[in-house]
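# Commentary on secondary and tertiary structure
Listed below are the residues making up each chain.
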Amino acid sequence: MRPALQTWRARFNLNRHIAPPPRENLELFLRGARTSTTTSRNASTPNGRGRTGIVLVLVTSAIGGAAYISYGSSGSSGSKESLNKTSFTPFTLISKEPVSSTSSVLTLQPQYGALGNSIRNVWTTGVWSVQIKQPQLQIARAYTPLPPALTRPADASSAPLRLLVRKEHNGEVSGYLHRLSEGATVELRGPTLEYKIPQNVEEVLFLAGGTGIAPAMQVTHALAGRAKVHILWATRKREDCIGGVSDTRPLPASGLLSALKGMLGMQATADIPKTETSVDEKGLIVQQLEAMKREAVTVEHQLSIDYFVDEESRFILSETLSALVGCPDGKAGATDQQGKKLIFVSGPDGFVKYWAGPKQWAGGREIQGPLGGILSKLNLSGWEVVKL
């Protein structure tokens, strides 16, 4: 043992209190502390009164190091939660399934503990998200988990987390996630409840742009058995929704017939033939949407989906929305005795702003802000708009 270490241990008699750390770890802490020692000397008075501070730095480093060696690897302890709102916990990337050339579904399993207690309530409460940390840059981004796949347990809280992640241009976290290989460790924090769904919802119209389909699927899952849901999913390319066939057809952009149909709330049959498509020809998200649609077979619980693809010149039109939210029989909006009708808008900021106006910041948090965009120009009597 080096004389300096012998003298230091003898002076503070650390052997009576804690087991000494391995020599290489202790020397590492001492080498790291020398930088602090130099700084302390420079800050001390000329007669060397700062030396007491130097000794305290060394003692703190050694004790902290010993504590880390003793307890730092206890991540598998049952006393810790697999997911919590205050600290990041490790998950394992068990699969990465491509959806398109730019998007994948990542499946994450906690490295210890079970997810049940952490997320059981939020699955049936509303729209929620988790944060993922990019360890090199120490930044985090929020992602909305998908409902469990059909091959997973019926109880969503016992299934692994599945995230739809698009690799954004210059996206620090999305790029990091797409570079990971199966078996990699990913750090998560949450869950964060973004919106609590009222109990008396009877009908939902969901405008989803791109990966905004994930919150739409969460809402559908949460409302299973008690509300009708109609999803309008807009994507840039067909590859994002391969095999997706609309249940209804958007109305034409102009013309007297279009206006008349909009006033009457009429819709035509789908303009894309509903031919049978094999599972292999359908995208991963489309497969799950269709499975969710097959499960929604009661009068109270129905799911319909329309696909809008930019490269096919198929867009969501205001006439389409007028037909879906209009009151052709002249009835007034929902009363306190009637169920709520909600319009959700989710997707990139530009998508949300175009349809409902931007969200705003107030008091250090994000709020809904006034209704703007296309929806502000429509008759939405009886409908409430929610921006996600």
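Here's a quick rundown of the structure. Fair warning: this is a prediction, and the values are worked out from it, not measured in the lab.

### With respect to the overall build of the protein
Looking only at helices and strands, one finds eleven helices and 14 strands in the protein. Among the 388 residues that make up the protein, the fraction classed as buried is 43%. Excluding contacts between residues fewer than 6 apart, the proportion of contacts in the protein whose partners are at least 24 apart in sequence is 71%. When the accessible surface of the protein is split by element, carbon and sulfur atoms take 52% of a total near 20800 Å².

### A closer look at the sheet that holds strand S1 (residues 89-98)
One open sheet accounts for seven strands, arranged S4-S3-S7-S1-S2-S6-S5; its pairing is antiparallel. On the outer flanks of this sheet lie strand S4 (139-143) and strand S5 (145-146), each paired with one strand and no other. Pairing analysis gives five bridges linking strand S3 (residues 126-134) to S4, with the strands arranged antiparallel. Bridging from a neighbouring strand, Lys133 pairs with Ala140 of S4.

### Brief notes about helix H6 (residues 172-179)
For H6, a buried count of six out of eight residues is recorded, marking the element as mostly surrounded by other parts of the structure. By the burial criterion, the buried members of H6 are Val173, Ser174, Gly175, Tyr176, Leu177 and His178.

### Examining the packing of aromatic side chains
How two aromatic rings sit relative to each other is given by the distance of their centres and the angle of their planes. Applying the stated criterion to the full structure yields five aromatic pairs. Ring centres of Trp233 and Tyr307 lie 6.0 Å apart, and the angle between their planes is 50°; on these two criteria the pair is classed as tilted. Here Trp233 is found in strand S9 (residues 228-235), whereas its partner Tyr307 is found in strand S10 (residues 303-309), with 74 residues between them in sequence. What links up through ring pairs into an aromatic cluster is the set Tyr195, Phe206 and Phe344.

### Details of the side chain of Gln134
By secondary structure assignment, the location of Gln134 is in strand S3. Exposure remark for Gln134: the relative accessible area of 4% places this residue in the buried category. A polar contact is formed between the side chain of Gln134 and the backbone nitrogen of Leu137, at a distance of 3.0 Å. Setting aside its immediate chain neighbours within four residues, Gln134 contacts Ile139, Glu172, Val173, Tyr176 and Arg179.

Reading the values: rules and limits
Residues numbered from 1 in each chain as written. Predicted model: local features only at pLDDT ≥ 70, side-chain atom pairs only at ≥ 80, totals over all residues. Heavy atoms only, no water. Helix = DSSP H or I, 4+ residues; strand = E, 2+ residues; numbered from the N terminus. Buried < 20%, exposed > 50% of the residue type's maximum accessible area, 1.4 Å probe, protein only. Contact = heavy atoms within 4.5 Å. Areas by Shrake-Rupley, 256 points an atom, 1.4 Å probe, with all protein chains shown as cover. Pairing = 2+ DSSP bridges. Phe/Tyr/Trp six-rings, centres within 6.5 Å; stacked < 30°, edge-to-face > 60°. Polar contact = N/O pair within 3.5 Å; in protein donor to acceptor, adjacent residues only side chain to side chain.

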